[in-house]
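Breakdown of the fold
Residues per chain are reported as follows:
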Amino acid sequence: MKLGFVSDSLGGMSFEALLDNAARLGVSGVEVNTGGWSTAPHFDLQSMKASADSRRDFAKAFENRGLEIIALNANGNPLHPTQPEQGECLKDTIRIAGDMGIKTVCAMSGLPAGREGDLMPNWVVSSWPPETQAILRYQWEEKLLPFWTEIAALARENGVARIALELHGNQYVYNVPSLLKLRAAVGPVIGANLDPSHLFWMGADPLVAALALGEAVHHVHAKDTMLNGPVQATTSLLENGSLMDIPARSWSYITLGFGHGEEWWRQFCYHLKMAGYDGWLSVEHEDVLLNSLEGLEKSIALLKGVMPVAASDFVPQAI
């Protein structure tokens, strides 16, 4: 496995400072945010789209420090009913990735409205009342399947091998069954960006999910979640309070090791190997209480101690 981090983890730094710190921290690469919900402070999408020189200079800055570009990440809602620019950001990101020889693009599945004419996305997480099923059919048949069929073709045309969808709340694809449903319909270019932090707060088990996904794991985000038991006991894990008010929330994104300890992350890495995954672990730091650089340093130090790096060389003895 290889270790890196998401560029927005150090979103307050300049591009040069970001890369200098990546080299100092001893990671192998950086996953770059290109737009969507990110302001993409290190990536000018329009400039990169328009200028081969900009793309070449961008890649050279990584190469000069011995770093790789892990993936490009367009983490918005590409099926938002009133924000078509979100979908265009994803398409542009795929084209740029193809031109630069980057094989993985991270994204969200998107979440459409519940019916034609609605203006807001609609996330259905129950089977009752009956209108929920009509919403799900509309979203799948009219929006999700046509859009992702087009995106999969675009990826293939541009030489992008993997579209890694984050299993994220408030998206149509948010768990193992919904990811596998889309993958079966569209093809193996679609896979999971397995981020355990979201599965924690939705009540799933990332260790089991890794095995259930198997070869459908295209990418991994390393992010932790703290479950706040006393609050959870009265509010459940269906939490919509401010992300900034950690004491009041039933769950919060947190620095690696502060929510789940080193032993859990060791097991996570081993389960990924069991599932056949030997790719990137990309730290995504979103802890609002810790300094971003300090939190990233602690997260990287933890993973360096538990992630397998070298290939297995075990050969049974002839007896």
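Our structure is the block above this text.
We now turn to the structure provided with this report. (Residues numbered from 1 in each chain as written. Predicted model: local features only at pLDDT ≥ 70, side-chain atom pairs only at ≥ 80, totals over all residues. Heavy atoms only, no water.)

Side chains that differ in sign of charge can pair as their charged atoms come close. Evaluation of the coordinates by the stated rule reveals 21 salt bridges. Between Arg 95 and Asp 92 there is a salt bridge; the shortest N-O distance is 3.2 Å. Taken together, the positions of Arg 95 and Asp 92, both in helix H4 (residues 84-100) and three residues apart, correspond to about one turn of that helix. Asp 92 gets classed as buried once you look at its relative accessible area, which sits at 6%. Of the charged contacts, one joins Glu 116 and Lys 143 as a salt bridge, the two residues approaching to 3.8 Å between their closest N and O atoms. Separated by 27 residues along the polypeptide, Glu 116 in the loop between strand E4 (104-107) and helix H5 (131-157) and Lys 143 in helix H5 bring together distant segments of the chain. Given a relative accessible area of 29%, Lys 143 falls into the partly exposed group. Members of the salt-bridge network, linked through shared partners, are Asp 195, Lys 223, Glu 284 and Glu 286. (Salt bridge = Lys/Arg side-chain N within 4 Å of Asp/Glu carboxyl O. Helix = DSSP H or I, 4+ residues; strand = E, 2+ residues; numbered from the N terminus. Buried < 20%, exposed > 50% of the residue type's maximum accessible area, 1.4 Å probe, protein only.)

The pairing of strands in a sheet comes from backbone hydrogen bonds and takes either a parallel or an antiparallel form. Taken in spatial order, the eight strands line up as E1-E2-E3-E4-E5-E6-E7-E10 and close into a barrel, and their pairing is parallel. Looking at each pair of strands side by side, their axes are set apart by 30° on average, direction ignored. In the sheet, strand E1 (residues 2-6) pairs with strand E10 (residues 280-283) via four bridges, with the strands oriented parallel. If you follow Phe 5 over to E10, its bridge partner there is Val 283. Lying over the sheet, helix H6 (residues 176-186) contacts strand E5 (162-166), strand E6 (190-194) and strand E7 (217-222), oriented at roughly 155° with respect to E6. (Pairing = 2+ DSSP bridges. Axes fitted to C-alpha atoms, helices over the stretch in contact; angles between N-to-C directions. Contact = heavy atoms within 4.5 Å.)

With 87 residues, the main nonpolar core has Phe 5, Trp 148, Ile 163, Leu 194 and Leu 303 as its most contacted residues. At eight residues, H5 tops the list of elements feeding residues into this core. Residue contacts for Ile 163: discarding those within four places in its chain leaves Ile 94, Val 105, Trp 148, Ala 155, Val 189, Ile 190, Gly 191 and His 218. (Core = buried A, V, L, I, M, F, W, Y, C linked by side-chain atoms within 4.5 Å.)

Checked against the element boundaries, Ser 178 lands in helix H6. For Ser 178, a relative accessible area of 10% corresponds to the buried category. Along the backbone, Ser 178 and Ser 109 are 69 residues apart, and their C-alpha atoms lie at a distance of 9.9 Å. Setting aside its immediate chain neighbours within four residues, Ser 178 contacts Tyr 172 and Val 173.

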